[in-house]
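Here are the chains, one letter per residue:
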Amino acid sequence: LAMYTLISLLISLILINQQCQSYIISNKLIINNKKQLNNKLDNSNNDLFYFIDTMGCQMNVADSERMESQLISLGYQSTIESNKANVILLNTCSIRDHAEQKVYSYLGPHALRKRKGENVSIVVAGCVAQQEGELLTRRFPEIDIVMGPQYANRLSDLLETVIESGDQIVATEPIYQMEDNIRPTRKSDVIAYVNVIYGCNEHCTYCVVPTTRGVEQSRTKDAIINEVKDLVSLGYREIMLLGQNIDSWGRDMTPKQRFADLLTAVGEVDGLERIRFITSHPKYMSERVILSVKSNSKIMPCFNIPFQSGNNEILKLMRRGYTREKFLSIVNKIRYHLPDAAITADCIVGFPGETEEQYLDTLDLMEQVKFEQVHTAAYSPRPNTPAAEWSNQLSEEVKQDRLQRIKRL
């Protein structure tokens, strides 16, 4: 039995190593031979260009910065002319309805270039890539790589495989996101994004994030602090800490750690002038975070806390894990400790089954809190989410009416 256990452990370690180094594992990566389509790329030309189009949130922007750095390391140069690029990288977002159709519309002209025999590689990354997987390659066989967000730091290896073999790669299986030495190509000389936690474990009934970005995975405090120190040494003055559910940082560690402690540690980095963070979840946000902000003038008193609805019944249907009263208590604590703090939020109207009275509870909550800004959206059914299957969907007319009314507020 001991020998069997040892052998099993060795096999697991070998497989993990293969996954981290080569990516060519049959149950982790789908590789389709495309040589018969004459799609093997030619990188012998000294003038190779890339074009990146990024959709969606700050997490996607941070991922694109990491992928751009890898393209530069492979010898590609940036271009603002997509029809000139040898690598087209579309980093997608699936949070809104019709996201897939937008991607298909975007890909059309580039697929045509490839069919004409031009030297171009097409990469679809991000949440739509994770959501659709092989379906994208069936719709557009011209695509070379479909890769989920968890593969953002592995683009160079995947692209080199495509260039060498002419194969088509679909990389969407869950993997552990390893620390690496990639230095992202930042879009700003002043502010830099730093990921502190990947994924989300919440499974709200309307949201695709858990299926597109995977389970929560916290980066170590040392890795985060080292990245921040490196950025300060490069002249960056402001850091934005990123997480789909940033208050969950450290919950997956042993022993568990707290985001408030990480925030305090980042605030102690010499030379750093400003710190911001997003996105907080009312279910997990604690007074400790508020006190950390209060105790360090480097940490900007800005809180992004999506409330999504002002009605408890709708919050329960959304599976948000808190009540209207809990959200308002968080706001009251912020106002008590930091009277001048800015509070922003996200909100969904027209959720399945939402009545006019329940909608008015949302407007009432907004009147009470008086947010600095609220990102509002009409509910849209997303693939692989429970709410999309419910029979009590509201009409587009009702949803748009409620959206316009809340925007006027």
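Residues numbered from 1 in each chain as written. Predicted model: local features only at pLDDT ≥ 70, side-chain atom pairs only at ≥ 80, totals over all residues. Heavy atoms only, no water.

A. Structural context of the sheet that holds strand β8 (residues 191–195). With parallel pairing, the three strands of this open sheet are ordered in space as β8-β11-β12. Where the open sheet ends on each side, the last strands, each with one partner, are β8 and β12 (274–278). Strand-to-strand twist in this sheet, taken as the mean axis angle between neighbours without regard to direction, amounts to 25 degrees. Packed on one face of the sheet, helix α2 (residues 58–73) meets β8, β11 (238–242) and β12 and runs near 95 degrees to β8. In the packing of helix α9 (residues 259–267) onto the sheet, contacts are made with β11 and β12, and the angle to β12 comes to roughly 155 degrees. (Pairing = 2+ DSSP bridges. Helix = DSSP H or I, 4+ residues; strand = E, 2+ residues; numbered from the N terminus. Axes fitted to C-alpha atoms, helices over the stretch in contact; angles between N-to-C directions. Contact = heavy atoms within 4.5 Å.)

B. Inspection of the pairing of strand β2 (residues 49–54) at higher detail. As judged from the two bridges shared by β2 and strand β3 (residues 77–78), these two strands associate in the parallel manner. Note that in β3 the partner of Y50 across the bridge is S78. Read from β2 through α2 to β3, the crossover connection turns out right-handed. Relative to strand β4 (residues 87–92), β2 runs parallel, the two sharing five bridges. Each residue of the ladder has a partner; that of T54, found in β4, is N91. (Right-handed = clockwise from strand over helix to strand, strands pointing away.)

C. Just the sheet that holds strand β14 (residues 342–349), in detail. Spatially, β13-β14-β15 is the arrangement adopted by the three strands of the open sheet, whose pairing is parallel. Strand pairing shows two members of the sheet lacking a second neighbour, β13 (302–304) and β15 (373–378), which therefore form its edges. Recorded for the sheet is a direction-independent mean angle of 10 degrees between the axes of neighbouring strands. Pairing geometry for β14 and β15, over six bridges, is parallel. Paired with C347 across the strands is T376, a residue of β15.

D. Structural detail: the nonpolar core. Core analysis: the largest hydrophobic core is formed by 53 residues, its most contacted members being L241, F277 and F303. Broken down by element, the residue count for this core peaks at six residues, all from α9. Ignoring anything within four residues of it in the chain, the contact list for L241 reads V194, V196, I246, F259, L263, V266, I275, R276, F277 and I278. By size, the runner-up hydrophobic cluster in this structure holds 21 residues, among which are Y50, L89, L155 and A171. (Core = buried A, V, L, I, M, F, W, Y, C linked by side-chain atoms within 4.5 Å. Buried < 20%, exposed > 50% of the residue type's maximum accessible area, 1.4 Å probe, protein only.)

Any functional reading would require information beyond the geometric quantities listed.
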